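Now for the letters of each chain:
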Amino acid sequence: MKGLNLVLAIAALTTLVSCSESHFKEDKIFAGGVYATAKALNDGKSTYAEYCMPCHGVNGDGNGTSAKGLQVPPRNFKLGQYKFGNVVSGELPHDEDFYKILREGLTGTAMLPWKELSDQQMFNLVQYIKTFAPAKWEGADKKLGDKIVITKDPYGDAHKESAIQRGKEVYHVVAQCWTCHRAYVSHAEFNEMSQKINNKPVTEFDPEMFHIKLQPNDYGYSSLPPEFTYDAVRSAKTVEELYVRLSAGVGGTAMPSWKGTLQDDEIWAVAHYVKYLMDMKTNTASRTKLLETALK
Ligand code: HEC
Ligand code: HEC
């Protein structure tokens, strides 16, 4: 009897294995007309099982065995929603956007760079990931978001100082980024900037203006807006990459797309300002000075 059970168990296992090996029998066409053969999808599936499944899970729901306790949880691919595409928040990213994330990782999270993957492996993986959210991706009628166009930086290195100054005003008075992130200027300076830009004094200050505020997101947890002189910015290291992120926003979170809300030169200015704050991470003396001045 035991022997028979074993045979049955092996038979069941064999079916499972062979079934998963040839999971996809048909080619698929995804948003933007991207064509993936059944072979590409099956190859993507096995690379995923090896490298990605421990975090992103067998079903792509982000609940892999290694996902437990991660402060920033792995993406749930079943939602078909992504944070760091080079498209306006909420639209479907292009394959190159995923390749960039795979090559560079997301700074400060468990999503590390995957430098060992070949171009073919990346293509296969990205197509396979789309199959977790068929309603969003499958079908020739589905559209990708428009790529964010990187305009010419009107400041450049030559006018960096004036960009930072302008960016500080945009950050605090025009866009009020501090309502989620935090303020980096004193009450007096805030008032001065408001007088200059809005011709209005500020007499009452939000008691929370120097704190970062946790924001609910569409992924079922809360996102902490980064404190730029301390926390990692995940998808941007350069002013240009910051320009893209500010234009695009962070999909499925409170971080909006600023394209259309701010003028193009204001987005560049605030990108320079955020970069200036990020650079303080490695400069403790100027960081301490900045934060102390803000509280005066
Ligand atoms: C050690 C855990 C871990 C592994 C392994 C891992 N990831 Fe991730 N991944 C994460 C985390 C955490 C995030 C979420 C980061 C965030 O929300 O900022 C993420 C996010 C992503 C995103 C979403 C990007 C976006 O714009 O929203 C993609 C795509 C992705 N991973 C693909 C992969 C692929 C493909 C592999 C395998 C080659 C992989 N990941 C392996 C932890 C992991
Ligand atoms: C309504 C709240 C809110 C406002 C207003 C807001 N942000 Fe954010 N921001 C967030 C949240 C939440 C995140 C973190 C998203 C995540 O990764 O889950 C974030 C992330 C970011 C990031 C990091 C992106 C990355 O790649 O990790 C940058 C840079 C940023 N914000 C800049 C700004 C600037 C500049 C402004 C004003 C022009 C601004 N934010 C206004 C909520 C906000």
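Report on the accompanying structure. Bear in mind that the values here come from a model prediction, so they are computed numbers and not experimental data. (Residues numbered from 1 in each chain as written. Chains lettered and ligands numbered in written order. Predicted model: local features only at pLDDT ≥ 70, side-chain atom pairs only at ≥ 80, totals over all residues. Heavy atoms only, no water.)

1. A short note on the environment of Pro54
Okay, so step 1: Considering the arrangement of structural elements, one finds Pro54 in helix α3 (residues 53-56).
Okay, so step 2: Residue Pro54 is classed as partly exposed on the basis of its relative accessible area of 29%.
Okay, so step 3: Note: C-alpha distance between Pro54 and Lys143 (89 residues apart in sequence) is 30 Å.
Okay, so step 4: Not counting the four nearest positions on each side in its chain, Pro54 is found in contact with Ala49, Gly64, Thr65, Ser66 and Ala67. (Helix = DSSP H or I, 4+ residues; strand = E, 2+ residues; numbered from the N terminus. Buried < 20%, exposed > 50% of the residue type's maximum accessible area, 1.4 Å probe, protein only. Contact = heavy atoms within 4.5 Å.)

2. Some remarks on the site of ligand 1
Okay, so step 1: In the region of ligand 1, 24 residues are neighbours, and Cys52, Cys55, His56, Lys83 and Met111 sit closest.
Okay, so step 2: In the model, a nitrogen atom of ligand 1 is placed 2.8 Å from a nitrogen or oxygen of the His56 side chain.
Okay, so step 3: Measuring from an oxygen atom of ligand 1, one finds a side-chain N or O atom of Arg234 at 3.0 Å.
Okay, so step 4: The cavity where ligand 1 resides is the second largest pocket.
Okay, so step 5: Sorting the residues of the shell around ligand 1 by element identifies α3, α4 (95-104) and α5 (119-130) as the ones contributing at least two each.
Okay, so step 6: It is α4 that provides the largest number of residues to the shell around ligand 1, a total of three residues.
Okay, so step 7: Looking at the shell around ligand 1, its residues break down into 19 nonpolar, two polar and three charged. (Near = heavy atom within 4 Å. Polar contact = N/O pair within 3.5 Å; in protein donor to acceptor, adjacent residues only side chain to side chain. 1 Å grid on protein atoms, 1.4 Å probe; cavity = no way out; pocket = protein on both sides within 12 Å on 5 of 7 lines; lining within 4 Å. Sits in = over half its atoms within 2 Å of the grid points. Nonpolar A, V, L, I, M, F, W, Y, C, P; charged D, E, K, R; others polar.)

3. With respect to the coordination of the iron atom of ligand 2
Okay, so step 1: Coordination of the iron atom of ligand 2 by the protein comes from His181 (NE2) and Met255 (SD), over a distance range of 2.0 to 2.2 Å.
Okay, so step 2: In this structure, the iron atom of ligand 2 is coordinated by six donor atoms arranged in octahedral fashion, with angles at the metal of 87 to 179°. Separated by 74 residues along the polypeptide, His181 in the loop between α7 (160-174) and α8 (187-198) and Met255 in the loop between α9 (239-248) and α10 (264-278) bring together distant segments of the chain.
Okay, so step 3: Look at His181 and you get buried, because its relative accessible area is 10%. (Donors = N, O, S within 2.8 Å, 3.2 Å for Na, K, Ca; no water. Tetrahedral: all angles 85-135°; square planar, octahedral: opposite > 155°, others 65-115°.)

4. Some words on the coordination of the iron atom of ligand 1
Okay, so step 1: Donor atoms from the polypeptide that coordinate the iron atom of ligand 1 comprise His56 (NE2) and Met111 (SD), at 2.0 to 2.2 Å from the metal.
Okay, so step 2: A residue is classified by how much of its surface remains accessible, and His56, at 10% relative accessible area, is buried.
Okay, so step 3: Judged by relative accessible area, Met111 falls into the partly exposed class, the value being 21%.

5. Some points on the layout of surface pockets
Here the idea is plain: a probe the size of a water molecule rolls over the atoms and shows the empty space left.
Okay, so step 1: The calculated volume of the largest pocket comes to roughly 920 Å³.
Okay, so step 2: Surrounding the largest pocket, 40 residues form its lining, His181, Leu224, Pro225, Pro226 and Arg234 being those nearest its centre.
Okay, so step 3: Sorting the residues of the lining of the largest pocket by element identifies β4 (222-223), α9 and α10 as the ones contributing at least two each.
Okay, so step 4: No other element matches the three residues that α9 contributes to the lining of the largest pocket.
Okay, so step 5: Tallied by class, residues from the lining of the largest pocket come to 25 nonpolar, eleven polar and four charged.
Okay, so step 6: For the lining of the largest pocket, the domains that each give at least three residues are domain 1 (2-137) and domain 2 (160-294).
Okay, so step 7: Computed from the structure, the second largest pocket encloses a volume of approximately 590 Å³.
Okay, so step 8: Lining the second largest pocket are 31 residues, with His56, Phe77, Ile101, Leu106 and Met111 sitting closest to its centre.
Okay, so step 9: Looking at the lining of the second largest pocket, the elements that each hand over two or more residues are α2 (38-51), α3, α4 and α5. (Points joined across faces, edges and corners; volume = space filled by probe spheres on them. Domains from an automatic or database assignment.)

6. Thoughts on the site of ligand 2
Okay, so step 1: For ligand 2, the set of nearby residues contains 25 residues, the closest of which are Cys177, Cys180, His181, Ser223 and Met255.
Okay, so step 2: The separation between a nitrogen atom of ligand 2 and a polar side-chain atom of His181 is 2.8 Å.
Okay, so step 3: Ser223 places a side-chain nitrogen or oxygen 2.6 Å from an oxygen atom of ligand 2.
Okay, so step 4: Judged by the proximity of its atoms to the pocket grid, ligand 2 belongs to the largest pocket.
Okay, so step 5: Considered class by class, the residues forming the shell around ligand 2 number 16 nonpolar, six polar and three charged.

7. Looking at α4
The periodicity of an α-helix, 3.6 residues per turn, causes residues three or four places apart in sequence to face the same way.
Okay, so step 1: Within the sequence span of α4, burial applies to Asp95, Asp97, Phe98, Tyr99, Ile101 and Leu102.
Okay, so step 2: Positive phi appears at Gly105, one or two residues downstream of α4, with a value of about 70°.

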